[in-house]
Amino acid sequence: MPPIIATMLWLVLLLALLRFDPAKVRGTSLALWVPVIWLSIVGSRLPSLWLGFGSGSAARAMEEGNPLDRTIDLVLILLAVAILMSRSFQWDKFFTRNFALVAFVGFGLVSVLWSDFPFITFKRWFRDLGNYFVILVVLSDPRPLEAIRTVLRRLAYLLIPFSILLNKYYPQLSKQYDQWTGAGSFVGATTSKNMLGALCLVSGLFFFWDTATRWRERKERRTKRILLVNFAFIGMTLWLLILSNSATSRVCLVIGYLVILATYSKTFQRHPGFVKALIPACFLLYLIVAFGFDLNGLLASQLGRNATLTDRTLIWKTLLSVKTNPLVGTGYESFWLGSRLKYVWRFVGGINEAHNGYLDVYLNLGAIGLVLLGGFLIASYRRICRLMMSSSALATLSLSVWTIILFYNMTEAAFNGGLLWLMLLFGALTIPEPVRVHLAAADAFENVHVAGQFRGVPVGPTSFRK
């Protein structure tokens, strides 16, 4: 099939899917397109890259950025703020109820004071602040659960088939070659194979969770059509994930599936505290075994990788040899700039992340940043556990994402505003109740009722208690 015909066919199918989506809920807010566009940019490429405006050296581009990207980011941030203002969002209650996240983000702003590149640091912090605004647009929607479903569906509808189109018909745009080995890899609509793996991880996890939550009503006509779409996208996502050759994303997707299945098992229904205690315990055990008995190297060899985790151990050793302030770091997103970047590229050229989220935070924000991040992860886990007690369908997705992000950041970086981090925020943030209209209560009751029937737990007014 000629590429132009394939492109036209993809566009027609995309428009038809958006128009006649069986999962579409009547009265969906147009405001949700703001987070859809934002997440699509985060999960693919910057607008300047699509339009071919990138120029100059890679190091210089990382420092200066692009005016087009900054303009689009600013417009989306202003739109998100305007939407929140129109909903009379109660910022004071939000700050007090999400103190751990506010402390972590606030420390990033304070780090501008000791950064070698204060203006660039502030610009990057402000850009990443947009992540939280667009997530709040979703969570402050009158029907937050359906809003989350809508945003994640539209994200997958836009990027998964488009990545397949690019891989098959436009390899000049979707294929990259390793600068050392010359080996080629498909990246789809993203900028790297690991980024494509992260996109597939988010898509595969969402459609599996959505299928699980609707499975009890699978005999209904509308649900049958939704499940058919879900199965089709699960198939496309798995094919792309295999093509991406991202071992971390493949392992984490399996972990996510196991967590979702566990939460719907009879064991969890009888002993809900067991699974909630098991997940942190498994991660602690993994840390002990991984660093005490070299489990990472053994696992990597089983997945077809070398014992150095594709040279990640060399990267980590090089980064730790760079002189930084161990207490406060180099400043928010400041490590990969200037002389430090050039020094690292002398040993492992072309990288702009530590391939370890915890190390990335340490390099930028030091030990204090790591402590604040840990505080947010603990607070978010407690929040998710409270959602589990209220039989919220969102809790299952959030628990799987929380588990994944712990393991994912051992070999990749996902605390810097990527899709996984944004997906975690859906279940980790506490939104002031008064911003929701009465329609939310009816919508929440319907979703909790469905989730409760699926799990076999009683559902009633007490389900909404915190």
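Residues numbered from 1 in each chain as written. Predicted model: local features only at pLDDT ≥ 70, side-chain atom pairs only at ≥ 80, totals over all residues. Heavy atoms only, no water.

S.K.: Is there a simple way to explain the overall build of the protein chain in this structure?
M.R.: Across its full length, the protein chain holds 22 helices and 2 strands. For the protein chain, with 466 residues in total, the buried portion stands at 53%. Expressed as a percentage of contacts within the protein chain between residues at least 6 apart in sequence, the contacts between residues at least 24 apart total 76%. Accessible area for the protein chain stands at about 21,700 Å²; split by element, carbon and sulfur atoms hold 67% of it. (Helix = DSSP H or I, 4+ residues; strand = E, 2+ residues; numbered from the N terminus. Buried < 20%, exposed > 50% of the residue type's maximum accessible area, 1.4 Å probe, protein only. Contact = heavy atoms within 4.5 Å. Areas by Shrake-Rupley, 256 points an atom, 1.4 Å probe, with all protein chains shown as cover.)

S.K.: What should I look at first to understand helix H9 (residues 144-169) in this one?
M.R.: A rise of 1.5 Å per residue sets the reference length of H9, with its 26 residues, at 38 Å; its end C-alpha atoms lie 37 Å apart and thus fit the reference within 8%. Of all 26 residues making up H9, 23 are buried, and the element is well covered by its neighbours. (Expected span 1.5 Å × (residues − 1).)

S.K.: Could you clarify how one ought to interpret the environment of aspartate 141 in this entry?
M.R.: Within the secondary structure, aspartate 141 is located in the loop between helix H8 (118-139) and H9. For the pair aspartate 141 and threonine 28, spaced 113 residues apart in the sequence, the C-alpha separation amounts to 9.3 Å. When sequence neighbours within four positions are dropped, the list of residues in contact with aspartate 141 reads Ser29, Leu32, Arg87 and Ala147.

S.K.: Any chance you could explain the pattern of salt bridges here in plain terms?
M.R.: For the coordinates displayed, the defined rule picks out 7 salt bridges. A salt bridge links arginine 149 to glutamate 146, with the shortest nitrogen-to-oxygen separation between them at 3.3 Å. A residue pair is termed a helical-turn pair when its members lie 3 or 4 positions apart in one helix, as arginine 149 and glutamate 146 do in helix H9 at 3 residues. Here arginine 149 falls in the buried class, since its relative accessible area comes to 6%. A salt bridge links arginine 149 to aspartate 210; the nearest nitrogen and oxygen atoms lie 2.7 Å apart. Residue arginine 149 is located in helix H9, and its partner aspartate 210 is located in helix H11 (residues 193-214); the two are separated by 61 residues in the primary sequence. One exposure class covers both arginine 149 and aspartate 210, and it is buried. Here the salt bridges share partners, and the residues they tie into one network are Glu146, Arg149, Arg153, Asp210 and Arg214. (Salt bridge = Lys/Arg side-chain N within 4 Å of Asp/Glu carboxyl O.)

S.K.: Would you take a moment to explain helix H20 (residues 393-408) for this structure?
M.R.: Helical geometry: 3.6 residues make up each α-helical turn, so side chains three or four residues apart lie on a common side. The end-to-end C-alpha separation of H20 is 23 Å, in line with the 22 Å expected for 16 residues at 1.5 Å each. Taking burial as the measure, the 16 residues of H20 include 16 buried ones, the bulk of the element.

S.K.: Whenever I open this one, the confidence of the model for the protein chain confuses me. Can you help?
M.R.: Close inspection of predicted coordinates is inappropriate in any region flagged by low pLDDT. Looking at the protein chain as a whole, its pLDDT mean stands at 84, while 84% of the residues score no less than 70. Per-element mean pLDDT across the protein chain ranges from 43 in helix H22 (residues 438-455) up to 96 in helix H7 (residues 99-110). This model gives residues 435-446 a pLDDT under 50, and the stretch forms 16 contacts once residues within four places in sequence are excluded. (pLDDT = per-residue confidence, 0-100.)

S.K.: Looking at this structure, how should I read the packing of helix H13 (residues 247-263) against H20?
M.R.: Each pair of packed helices gets described by two things: the angle between the helix axes and the distance between those axes. H20 packs onto H13 with a crossing angle of 145° between their chain directions and a minimal axis gap of 9 Å. Handedness of the H13/H20 crossing: right-handed. Contacts between H13 and H20 involve Thr248, Ser249, Cys252, Ile255, Gly256, Val259, Ile260 and Thr263 on the former and, on the latter, Thr396, Leu399, Ser400, Thr403, Ile404, Phe407 and Tyr408. The residue inventory of the contact of H13 with H20, partitioned by class, reads 8 nonpolar, 7 polar and no charged. (Axes fitted to C-alpha atoms, helices over the stretch in contact; angles between N-to-C directions. Left-handed = near helix turned anticlockwise from the far one by under 90°. Nonpolar A, V, L, I, M, F, W, Y, C, P; charged D, E, K, R; others polar.)

S.K.: When you look at the nonpolar core in this model, what are you seeing that I'm missing?
M.R.: Note on soluble globular proteins: their nonpolar side chains tend to be buried together. Membership of the largest hydrophobic core comes to 117 residues, with the highest contact counts inside it found for Leu205, Leu420, Trp421, Met423, Leu424, Leu425 and Leu429. Per-element tally for this core: the top contributor is H9, with 14 residues. In this structure leucine 424 touches Phe376, Leu377, Val401, Trp402 and Ile405, once residues within four positions along its chain are discounted. Of all hydrophobic cores here, the second largest spans 13 residues; its members include Leu319, Leu341, Val348 and Ile351. (Core = buried A, V, L, I, M, F, W, Y, C linked by side-chain atoms within 4.5 Å.)

S.K.: Looking at this model, I keep getting lost on a positive patch on the surface. Mind explaining?
M.R.: On the surface, Arg216, Arg218, Lys219 and Lys224 cluster together to form a positively charged patch. Taking relative accessible area as the criterion, arginine 218 reaches 36% and is therefore assigned partly exposed. (Patch = residues over 30% accessible without salt bridge, like charges linked within 9 Å, V, L, I, M, F, W, Y side chains within 5 Å. Lys, Arg positive; Asp, Glu negative; His and termini not counted. Charge placed at Lys NZ, Arg CZ, Asp CG, Glu CD.)

S.K.: Whenever I open this one, the side chain of serine 115 confuses me. Can you help?
M.R.: Along the chain, the position of serine 115 falls in the loop between H7 and H8. Here the side chain of serine 115 touches phenylalanine 117 through a polar contact of 3.0 Å, landing on its backbone nitrogen. In this structure the side chain of serine 115 is engaged in a polar contact, spanning 2.7 Å, whose partner is the side chain of threonine 121. The residues contacting serine 115, other than those within four sequence positions of it, are Thr121, Thr330, Gly331 and Ser334. (Polar contact = N/O pair within 3.5 Å; in protein donor to acceptor, adjacent residues only side chain to side chain.)

S.K.: Honestly, the packing of aromatic side chains in this entry has me stumped. Any pointers?
M.R.: Ring pairs (aromatic) are described by centroid distance and by the angle formed between their planes. This structure, assessed with the given rule, holds 23 aromatic pairs. With centroids separated by 6.4 Å and ring planes inclined at 55°, the aromatic side chains of phenylalanine 104 and tryptophan 421 adopt a geometry described as tilted. One end of the pair, phenylalanine 104, is in helix H7; the other, tryptophan 421, is in helix H21 (residues 419-428), and 317 residues separate them in sequence. On the basis of relative accessibility, which here comes to 1%, the residue tryptophan 421 falls in the buried class. In this structure an aromatic cluster arises from ring pairing among Phe89, Trp91, Phe94, Phe95 and Phe133. Positioned above the aromatic ring of tryptophan 50, the side-chain terminus of arginine 45 is 4.7 Å from the ring centre. (Phe/Tyr/Trp six-rings, centres within 6.5 Å; stacked < 30°, edge-to-face > 60°. Lys NZ or Arg CZ within 6 Å of the ring centre and 35° of its normal.)

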